Amino acid sequence: MSARIGIVTFPGSLDDRDAARAVRLGGAEPVALWHDDAVLKSVDAVFLPGGFSYGDYLRCGAIARFSEVMGLVRDAADRGMPVLGVCNGFQVLCESHLLPGALVRNAHLRYRNRPARLRVETNRTAWTAAFAPDAEVVLPAKHGEGRYVADEATLDRIEANGQVVFRYLDNPNGAMRDIAGVANEAGNVVGLMPHPEHAVEALTGPSTDGLGIVASVLAHLSEGAAR
Amino acid sequence: MTKQMLNPVVDTVGVAAATPDEKQPHAELGLAEDEYSRIREILERRPTQSELAMYSIMWSEHCSYKSSRVHLRQFGQKNPKTPRLLAGIGENAGVVAIDENLAVTFKVESHNHPSYVEPKQGAATGVGGIIRDIIAMGARPIAVMDSLRFGDIDHPDTARVLPGVVDGVGHYGNCVGLPNIGGETYFDPCYQGNPLVNALSVGVMPRERLQSMQASGVGNVVILLGAKTGRDGIGGVSVLASATFSEDDDSDSRPSVQVGDPFEEKLLIECCLELFDTGLVVGVQDLGGAGLTCALSETAAAGDGGMHVDLELVPLRAKGMEPHDILASESQERMLLIVDPANVENVLARAHRWGLLATAIGTVTDTGRLVIDYHGQTVVDVPPASLADEGPVYNRPIAEPNDLALVAVDRAETLPRPTADEDIRRTVLDMAASPNLCDKSWITEQYDSSVFGNTVLATPHDAGVIRLDESTGVGIAISLDGNGRYARLDPYAGAQLALAEAYRNVAVTGATPIAVTDCLNFGSPEDPHVMWQFERAVTGIADGCQQLGIPVTGGNVSFYNQTGREAIHPTPVIGVLGVIDDVARRIPLGLGQTGDTIAVIGTTGEELSGSEWAWATHRHLGGVPPKVDLDHEMKLADLLSRLAANEQIAAAHDLSEGGLAQTLVEAISNSGMGAQILLPEGADPFTYLFSESTGRVLIVIPRGQELAVRSACEQRGLPITPLGVADAKTDGLHLRDHFDIGRAEIEAAWKGRIGAKLGE
Amino acid sequence: MARVVVDVMLKSEILDPQGEAVLGALPRLGVNDVTSVRIGKRVEIEFDDAVQNVEEQSQIIADKLLANPVIENFTVSVLDEDAV
Amino acid sequence: MARVVVDVMLKSEILDPQGEAVLGALPRLGVNDVTSVRIGKRVEIEFDDAVQNVEEQSQIIADKLLANPVIENFTVSVLDEDAV
Ligand SMILES: Nc1ncnc2c1ncn2[C@@H]1O[C@H](COP(=O)(O)OP(=O)(O)O)[C@@H](O)[C@H]1O
Ligand SMILES: [Mg+2]
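For every chain, the first residue of its written sequence is number 1, and the numbers climb from 1 along that sequence. Ligands are numbered from 1 and chains lettered from A, in the order in which they are written. The predicted nature of this model means local features are confined to residues of pLDDT at least 70 and side-chain atom pairs, given and counted, to a pLDDT of 80 or more, with totals for whole chains, interfaces and linings taken over all residues. The side-chain numbers reported here are obtained from all heavy atoms of the structure, hydrogens and water having been left aside.

> How should I be thinking about the sheet that holds strand β22 (residues 597-601) of chain B in this particular structure?
By way of backbone hydrogen bonds, the strands of a sheet pair with one another, either parallel or antiparallel. Residues and elements named next belong to chain B. Read from one edge to the other, the open sheet built from seven strands follows the order β23-β25-β22-β26-β24-β27-β28, with strand pairing classed as mixed. One side of each edge strand has no neighbouring strand; the edge strands of this open sheet are β23 (651-654) and β28 (739-741). Direction aside, neighbouring strands of the sheet carry axes that sit 20° apart on average. By the bridge criterion, four bridges tie strand β24 (residues 674-677) to strand β26 (residues 720-727) in an arrangement that is antiparallel. Across the sheet, residue Gln676 finds its bridge partner in β26, namely Val725. Strands are treated as partners if at least two bridges between them are detected by DSSP. Labels follow the DSSP assignment, with helices taken as runs of H or I lasting at least four residues and strands as runs of E lasting at least two, numbered in each case from the N terminus. Axes here mean lines fitted to C-alpha atoms, for a helix over just the part in contact, with angles spanning 0 to 180 degrees between N-to-C directions.

Set out below in structure tokens:
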């Protein structure tokens, strides 16, 4: 039986269908979750896709945090369920304080769409388990507010804990310490700005490296099942 | 302006009948004396304030096409008949069949004046407006494109307008979740006070989901869906969109512009598609220019002929709005639905689930009249067709410009040109760095191109290619092209050159062109010379499409693009849509692999008039533009789609502005490869590199396919000239017997120009 | 040190989607009594000690750079130096 | 009608590139005496007449929604009703 990965649609989510395609191509079963529903439909993991939830007015992800589904996601994450936030999903996870730090306006003040080269800094998270140590991946980065910031103490702490998951090789937005993605302490919640779901087919993406994210969570889940 | 119309008592039909002699500001609203008299005849009384506002809007140039209509008729007359055409001119957007299941709708529209006044919001709402036209046909919008023209890149105002426009196009498209798959950007001083912002959107639908704008079925309910109605853009259509800016325009007299909300639009898309799929709506119309006035009169006129509306039910955002304000408001992100009474509750519930406001504001009647009440008092009572379909039609005077002959003999072929290798080499680099030819990624990187995961080709490819169906691989290609300089020299030829280029760009991806949309950007129709340009351009497009066998399915006219007496270059912008059976077989840009053959198909003549070289190096515009050969273009398209289907071609790139030199610069910069080129014997290097003869394509032939490709060309009578080979080890361009230019030098010239000019 | 605050707000007749979005979200926080939210920019400017015509210069900055008069209004307040 | 203004500014240790960009553009306007520009948000909230605990509710809105404490500070000012 393949793993069920829930994909949340907020009003203004844009990449929900694309996330579902990536999950499907990666060999798992996508399950649609609606922001206002108080059920997680017994999924094994949750994917918060990119987009502009609630228009991303005020601050990206600030309003989505108050949706029904995020209460459930928080509880599930606390119990160890794998949760991934991509782009807007990453912003929602930071705003919800499930991940440390915040994402602010790019230093150059513009939205920028470019393939980003990233280094996978740790494979000890639910979403990077299948990558070789120090693997390099190419994923599309496209955002106006993706500059990762946190105070120095927090940055030192997450570096020390191995919570920095992805680092830019050519920093596209001024992110502190070139951080592109982070995890929570337990490693089950991961957020990243570039889009793995737009790198799953040679025909449409700059690489197929995004499939590694799905492979990782499947490996993580089956390992858990085996335990 | 609307202030003068304010009247403490609501001007009802009864009041109007009782006060026939009251003076009305029809002239200020842009209605001519005879137009005003005709309104009085139609109504058999003076119009109420609300009616006057509605007629002034619907009979404006923007809505009634009063100056262009007599010419646009040619499209209907000359359009080739094709079973693919499911909806054509007269609908919100044309619809063409792709296969037994799918249909595609697409259209290009201008938002020029608003983008000058408030670049970001003007451009953003332009994108929003064209997307709603696509939704109104029943389609899911799947991509956008933008065709932009600005003044001189060094002019300080360009630094205000360009970043704002790009921010607006990007912001709206990115937030609503549509990939931007291409477009164009040009600079010319003629656009200094009149930048052009033309936006295209394309959508896909199951064929049976095609929607109608008819308000039919007596008793059916009229529902307004989406944003609240505010004071945005009141008078925008009649005043803003159709008024020439005078030199001393001051900001206070400018009417307010609209601000868009792409988030609301995204919800509208999802909600409307859900309503279409569940079969809950009978008719649908978007609210764009002219807001409720246009949507109510068009749906009523297209339907059973009558409608009753209670205007006080319209949810308002601003206080103190008068009935005519509500009718004229151009608040964005609204749609009008016609719904069977039994389904109303269901529709309202679904709208609520999407967080959208939906309000029943009226019903369909059989009275043949559009009756609008405000708090129980009738403020409008008119035959809807008199607003929507029976506006004035002008046959404006046409006169050939006096300078035509002079311009024609001022040929660029006589200009001094470089002859020494070193100077030609310098020219290649200078041209690559020129504003019109340089890399546009400063702009296009601000656009999402991959959302939806179906973008197969986007900028910098000749055309955008989108996969429509993952199971069959069927897809479409679209290109948007125009060249104001060619059209200035000869509007008939210029329009056909734009058509030929868009057609060729689609063909270069391996797709087969099937339909056309156009946006006609011109100066004032009251100037007989402008009208002459317009008539020539329309005739050029209509004749061209007839010859190519593909129909014009819709488009848009933008007049009054002029500051004082200076009109812009006539600028017809043409969008061509093609279909490709399997997107995996698309032809990309680039140079293939080491050892692949580089060749040019087509003939290079000495055609430099109107060229980028003449403009960039001499600021010269004169002579006659390159010759168009549409038969040749058709053969070329046939060849390319065959080579693509047979996988006999590795890459291809159209030759256009800047000629072969620029095509090589782009192919090298966009691939990891170098090119070893040997010009044909006896060819003059300068002419061969910079001529803009049309109908030419650079193709890259995989090893072992040379003979097959040559014979496919011969069969079709297409001249093919081998030029050299692709080679990963060659650094940039090696032009044998002449010069080398390394990749670093090419890229230093071509890249980063726009940002640098804008101080970034 | 002279300190100036320029507040830039959308004109009242112009749609403020940001404000609307916040207004729509408030019930999720249990707040139901708000009738309107408008969101604009607050710009804090600090001038050199030496400068004389702070007010005038701020007006220029606001008018030319911070606000687009087509859609926005602004107000300039020179803060008391003691207030800093 | 009670009216409240919430000002939200980035914490001083967080880089404000928008403010920097404005600062960098000032010399082109002929303004050379500005030492710092910071750009934040001004949020204007209107409550129902009936509401009692305006100040308290505004604090909640600001703290939970309008500002992100990781990067921003805020101040709440209840405006005099006469001032409206
Ligand atoms: N240049 C043109 N070429 C072909 N059709 C045109 C052109 N200009 C306008 N039309 C058609 O005339 C009709 C009315 O145009 P328009 O007012 O722009 O439509 P809408 O009301 O949807 O904005 C549309 O069907 C449009 O496609
Ligand atoms: Mg329309």
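> Explain the site of ligand 1 to me, please; I cannot follow it from the model alone.
Residue and element names in this part refer to chain B. Proximity is defined per residue: if any heavy atom of the residue lies within 4 Å of a molecule or strand, that residue is considered near it. Surveying the vicinity of ligand 1 reveals 17 residues, the closest of which are Tyr65, Gly90, Glu91, Asp518 and Gly555. One of the backbone N or O atoms of Glu91 is found 2.6 Å from an oxygen atom in ligand 1. Taking Glu109, its side chain carries an N or O atom lying 3.2 Å from an oxygen atom of ligand 1. For the accessible areas, the method is Shrake-Rupley and the probe is 1.4 Å, while residue cover comes only from the protein chains on display. Coverage of ligand 1 by the protein chains reaches 85% of its 550 Å² of free accessible surface. When contributions to the shell around ligand 1 are tallied by element, the ones reaching two or more residues are α5 (69-78), β3 (102-110), β17 (512-521) and β18 (552-558). In terms of residues, the shell around ligand 1 owes the most to one element, β18, which gives five residues. We define a polar contact as two N or O atoms separated by no more than 3.5 Å, with the added condition that, inside protein, one atom must be a possible hydrogen donor and the other a possible acceptor, whereas residues neighbouring each other in sequence contribute only through side-chain atom pairs.

> I'm lost on the sheet that holds strand β2 (residues 34-47) of chain D in this one. Help?
The antiparallel open sheet is built from six strands, whose spatial order is β3(C)-β1(C)-β2(C)-β2(D)-β1(D)-β3(D). Lying at the two open borders of the sheet, with one neighbouring strand each, are β3 (72-79) of chain C together with β3 (72-79) of chain D. Ignoring strand direction, the axes of neighbouring strands in this sheet form an average angle of 25°. One ladder, built from seven bridges, connects strand β1 (residues 2-10) of chain C with strand β2 (residues 34-47) of chain C; its direction is antiparallel. Directly across from Asp7 of chain C, in β2 of chain C, lies its bridge partner Arg42 of chain C. Residue contacts follow a heavy-atom distance rule, with two residues in contact if any of their heavy atoms lie within 4.5 Å. Its contacts with the sheet put helix α2 (residues 54-66) of chain D on β2 of chain C together with β1 (2-10), β2 and β3 of chain D, and the angle it makes with β3 of chain D is roughly 155°.

> Would you explain the interface of chain C and chain D in this entry?
One widely used convention gives an interface's size as the accessible area the parts lose upon coming together. Taken together, the contact pairs 30 residues of chain C with 30 residues of chain D. Using a 1.4 Å probe, buried area is obtained as the accessible area two parts lose upon being combined, added over both of them. Broken down residue by residue, the surface that chain C buries against chain D is led by Leu29, Asp33 and Arg42 of chain C, which jointly contribute 21%. When a carboxyl oxygen of Asp or Glu is within 4 Å of a side-chain nitrogen of Lys or Arg, the pair counts as a salt bridge. Our count for the chain C to chain D interface comes out at two salt bridges. In this structure, Asp7 of chain C engages Arg42 of chain D in a salt bridge whose closest nitrogen and oxygen atoms are separated by 3.0 Å. Taken together, the links from chain C to chain D amount to 14 residue pairs in polar contact (both at pLDDT 80 or more). Elements that contribute at least two residues to the side of chain C that touches chain D include exactly β1, α1 (17-25), β2 and α2 (54-66) of chain C. Of all the elements, β2 of chain C adds the most residues to the side of chain C that touches chain D, at 14 residues. Here the residues of the side of chain C that touches chain D are counted per class, giving 16 nonpolar, five polar and nine charged. Throughout, the ten residues Ala, Val, Leu, Ile, Met, Phe, Trp, Tyr, Cys and Pro are labelled nonpolar, Asp, Glu, Lys and Arg are labelled charged, and all others, Gly among them, are labelled polar.

> Please clarify how the interface of chain A and chain B should be interpreted in this entry.
Residue-level contacts link 24 residues of chain A with 33 residues of chain B. Summed over both partners, the interface of chain A with chain B comes to about 2,500 Å²; 48% of that surface belongs to carbon and sulfur atoms. Joining chain A to chain B, the criterion identifies seven salt bridges. In this structure, the salt-bridge partner of Glu445 of chain B is Arg114 of chain A, at a minimum N-O distance of 2.8 Å. Counting across the interface, chain A meets chain B through 13 residue pairs in polar contact (both at pLDDT 80 or more). Listed by contribution, the elements that provide at least two residues to the side of chain A that touches chain B are α1 (16-25) and β6 (112-120) of chain A.

> I would appreciate a short explanation of helix α13 (residues 344-353) of chain B in the present structure.
A turn of α-helix holds 3.6 residues, and therefore any two residues three or four places apart point the same way. All names here are of chain B. Think of it in three bands: residues with accessible area under 20% of the maximum for their type are buried, residues over 50% are exposed, and the middle band is partly exposed, with areas taken using a 1.4 Å probe on protein chains only. Three or more residues of α13 are buried, namely Val344, Val347 and Ala351. Seen end-on, α13 carries its buried residues on one side only, within an arc spanning 65°. Among the exposed residues of α13, those oriented more than 90 degrees off its buried face are Glu345 and His352. Buried-residue contacts for α13 involve β7 (221-226), α10 (262-277), β10 (334-339) and β11 (358-365). One or two positions beyond α13, positive phi appears at Gly355, with a value near 75°. The arc refers to the directions leading from the helix axis to the C-beta atoms.

> Please clarify how the pattern of salt bridges should be interpreted in this entry.
Charged atoms that come close allow side chains of opposite charge to pair. Throughout the structure, instances matching the rule amount to 62 salt bridges over all chains. Here Arg209 of chain B ties to Asp277 of chain B by a salt bridge, and the two come within 3.0 Å at their closest N and O atoms. Of this pair, Arg209 of chain B sits in the loop between β6 (196-206) and β7 while Asp277 of chain B sits in helix α10; the two residues are 68 residues apart in sequence, bridging distant segments of the chain. Linked through salt bridges whose partners overlap, the residues forming this network are Arg119, Glu121, Glu152, Asp156, Glu159, Arg167 and Arg177 of chain A.

> Help me out: how do you make sense of the pairing of β26 of chain B in this one?
On a regular strand, each side chain points to the face opposite its neighbour's, so the side chains alternate between the two faces of the sheet. Where β22 of chain B and β26 of chain B come together, five bridges link them in antiparallel fashion. Bridge pairing in β26 of chain B places Ile598 of chain B opposite Gly724 of chain B.

> Is there a simple way to explain the packing of helix α19 (residues 491-508) of chain B against helix α22 (residues 630-645) of chain B in this structure?
To characterise two packed helices, one gives the angle between the axes of the helices and the distance between these axes. All names here are of chain B. Relative to each other, α19 and α22 sit at 10°, their axes nearing to 9 Å. Taken together, the axes of α19 and α22 lie roughly parallel to each other. Between α19, through Gln496, Ala500, Tyr503, Arg504, Ala507 and Val508, and α22, the contact on the second element is made entirely by Leu630, Glu633, Met634, Leu636, Ala637 and Leu640. Of the residues contributing to the contact of α19 with α22, the split by class is nine nonpolar, one polar and two charged. Should an angle fall under 35 degrees it is called roughly parallel, over 145 degrees roughly antiparallel, and 65 to 115 degrees roughly perpendicular, with every other angle called oblique.

> Which parts of the structure should I look at to understand the coordination of the magnesium ion (ligand 2)?
Ideal geometry at a metal centre: 109.5 degrees between donors when four sit tetrahedrally, and 90 or 180 degrees when six sit octahedrally. All names here are of chain B. Coordination sphere of the magnesium ion (ligand 2), protein contribution only: Asn92 (OD1) and Asp133 (OD), at 2.0 to 2.3 Å. Taken together, the positions of Asn92 in the loop between β1 (85-87) and β2 (94-97) and Asp133 in helix α7 (residues 119-136) put the pair 41 residues apart, joining distant regions of the chain. Residue Asn92 is classed as buried on the basis of its relative accessible area of 8%. When its relative accessible area of 5% is taken as the criterion, Asp133 is described as buried. Ligating atoms shown are N, O and S within 2.8 Å of the metal, or 3.2 Å for Na, K and Ca, and water is not included, meaning a site may look less than complete.

> Would you mind showing me how to read the nonpolar core here?
The tendency in soluble globular proteins is for nonpolar side chains to be buried side by side. Each nonpolar core is a collection of buried residues, namely Ala, Val, Leu, Ile, Met, Phe, Trp, Tyr and Cys, held together in the definition by side-chain atoms within 4.5 Å. One finds Tyr148 of chain A together with Leu66 of chain D to be the most contacted residues of the largest nonpolar core, which totals 148 residues. Per-element tally for this core: the top contributor is α10 of chain B, with nine residues. Judged by nonpolar contacts, the second largest core, of 58 residues, contains Leu72, Ala537, Leu639 and Ile699 of chain B.

> How should I be thinking about the side chain of Glu72 of chain D in this particular structure?
With respect to the helices, strands and loops of the structure, Glu72 of chain D is situated in strand β3. Engagement of the side chain of Glu72 of chain D in a polar contact is seen with the side chain of Arg59 of chain A, the distance being 3.5 Å. Excluding residues that lie within four positions of it along the chain, Glu72 of chain D makes contacts with Arg59 of chain A together with Val8, Met9, Leu10, Lys11, Lys41, Leu66 and Ala67 of chain D.

> Looking at this model, I keep getting lost on the pairing of strand β16 (residues 475-481) of chain B. Mind explaining?
All names here are of chain B. For β16, the tally of buried residues reaches seven of seven residues, placing the bulk of the element in the interior. Residues Gly475, Ala477, Ser479 and Asp481 of β16 are buried on one face, and the alternating residues Ile476, Ile478 and Leu480, pointing to the opposite face, are buried as well. Both strand β15 (residues 464-467) and β16 contribute to a ladder of four bridges, which runs antiparallel. Directly across from Gly464, in β16, lies its bridge partner Ile478.

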